[in-house]
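Examining the three-dimensional arrangement
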Amino acid sequence: MPFLELTLPCTEAQQPRYERALENVGALAVTLADQHADAPDEQAIFEPGVGEQPLWNEMQLTALFEGGTSPELLLYALDAADEGLDWSRASFREVEDQDWERAWMDQYEPLRFGRRTWIVPWNHELPEGADADDAAVVRLDPGLAFGSGTHPTTALCLAWLDEMADEGALAGQRVLDFGCGSGILALAALKLGAAQAIGVDNDPQALTATDDNAQRNGVADQLVAYSPETEPADAYPVVVANILASALIALADTLSARVVPGGRIAMSGILAGQEDEVIERYRADFDDLRAERMEDWMRVTGVRRR
Ligand SMILES: C[S@@+](CC[C@H](N)C(=O)[O-])C[C@H]1O[C@@H](n2cnc3c(N)ncnc32)[C@H](O)[C@@H]1O
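Since this is a predicted model, take the numbers as computed values, not measurements.

With that settled, consider helix α6 (residues 204–216). Taking 1.5 Å as the rise per residue, α6 with 13 residues should run 18 Å; its terminal C-alpha atoms sit 18 Å apart, in good agreement. When we look at burial in α6, the residues that qualify are A206, L207, A209, T210, N213 and A214. In an axial view of α6, the angular spread of the buried residues amounts to 165°, which keeps them on one side of the axis. The outward face of α6, more than 90 degrees from its buried face, is lined by the exposed residues P204 and Q215. Next to the buried residues of α6 lie β8 (136–140), α5 (184–191) and β11 (223–226). Where α6 begins, the side chain of D203 points an oxygen toward the backbone nitrogen of Q205, at a separation of 2.8 Å. Immediately beyond the C-terminal end of α6, within one or two residues, lies G218, with a positive phi of roughly 70°.

Next up, the structure:
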């Protein structure tokens, strides 16, 4: 399936704002490359990781959208997403998915979250010095679904799961990963000791990626991915939902009902400044609501009232 690729030259100072606007209108992936590299295959591709900033002053920002997306409508949405940004230098082309998978995998390195959670691309090994006996290792190919660990919202949720495991709150538990993308959070929960995980996503690519990654990690019998229409209306002691703030607010009744009394929830996909609205919406059903920030993004956690 072809995809629509948007490229745009920008400065280092402009990059976070452009990136945020692109993600807000549904970019599947955003990468940065050095503007001055000579040939495309020599370009240093850089996806901003946790706490990392690109080195270049001038860069080329590239975003991938679903095939069939109209460039005109996209520009209209981008203008609405942030009226102060200039998109006149944006250019578009159709790309085959293979190009993107290759670029993604080539620049993707093992990353650690919290004390012992490792996200390792399927074609890499744990770095030397990592404690292989203690590590909870997820081997991942994000494919075309969101969820490689490099986005702050994923990182915030992975760090929370790692903490939960250290507190003994994951061992043997059932976990719901709502908006599972690549399945990264469900897989991390299983590797950290959860007994079973359910993934839910409204994107068929995500369900395929989650199934593939469950096979790759040898946990296909513990992880099942559903569309929102088919997910069992069950309740779980641990729920993670990394979707946008607007979706968390719209789905508050459903998500609250998915958490058992005394169970815990972590929500992300929340831009800094949106956390109070999310907390307000969940206040009726949850205690101990807290917000944690990473870069421009927030995580809200809470404990379901008994
Ligand atoms: C930001 S990604 C998170 C992926 C992964 N869980 C992670 O933490 O990296 C959000 C995912 O939620 C899915 N999603 C968004 N809105 C949804 C909804 N209303 N119901 C189910 N899935 C949804 C998207 O398709 C996408 O895969």
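What follows concerns the UniProt feature "binding site: S-adenosyl-L-methionine" (unreviewed entry) in the chain. UniProt feature "binding site: S-adenosyl-L-methionine" (unreviewed entry): in the numbering of this structure it lies at T154, G179, D201 and N242. Mapped onto the fold, T154 is located in helix α4 (residues 152–166). Classification of T154 as buried rests on a relative accessible area of 2%. Among the secondary structure elements, N242 is positioned in strand β12 (residues 236–242).

Cut-offs applied
- Residues numbered from 1 in each chain as written.
- Predicted model: local features only at pLDDT ≥ 70, side-chain atom pairs only at ≥ 80, totals over all residues.
- Heavy atoms only, no water.
- Helix = DSSP H or I, 4+ residues; strand = E, 2+ residues; numbered from the N terminus.
- Expected span 1.5 Å × (residues − 1).
- Buried < 20%, exposed > 50% of the residue type's maximum accessible area, 1.4 Å probe, protein only.
- Arc of directions from axis to C-beta.
- Contact = heavy atoms within 4.5 Å.
- Polar contact = N/O pair within 3.5 Å; in protein donor to acceptor, adjacent residues only side chain to side chain.
- UniProt positions renumbered as here; feature names shortened; annotations may be inferred.

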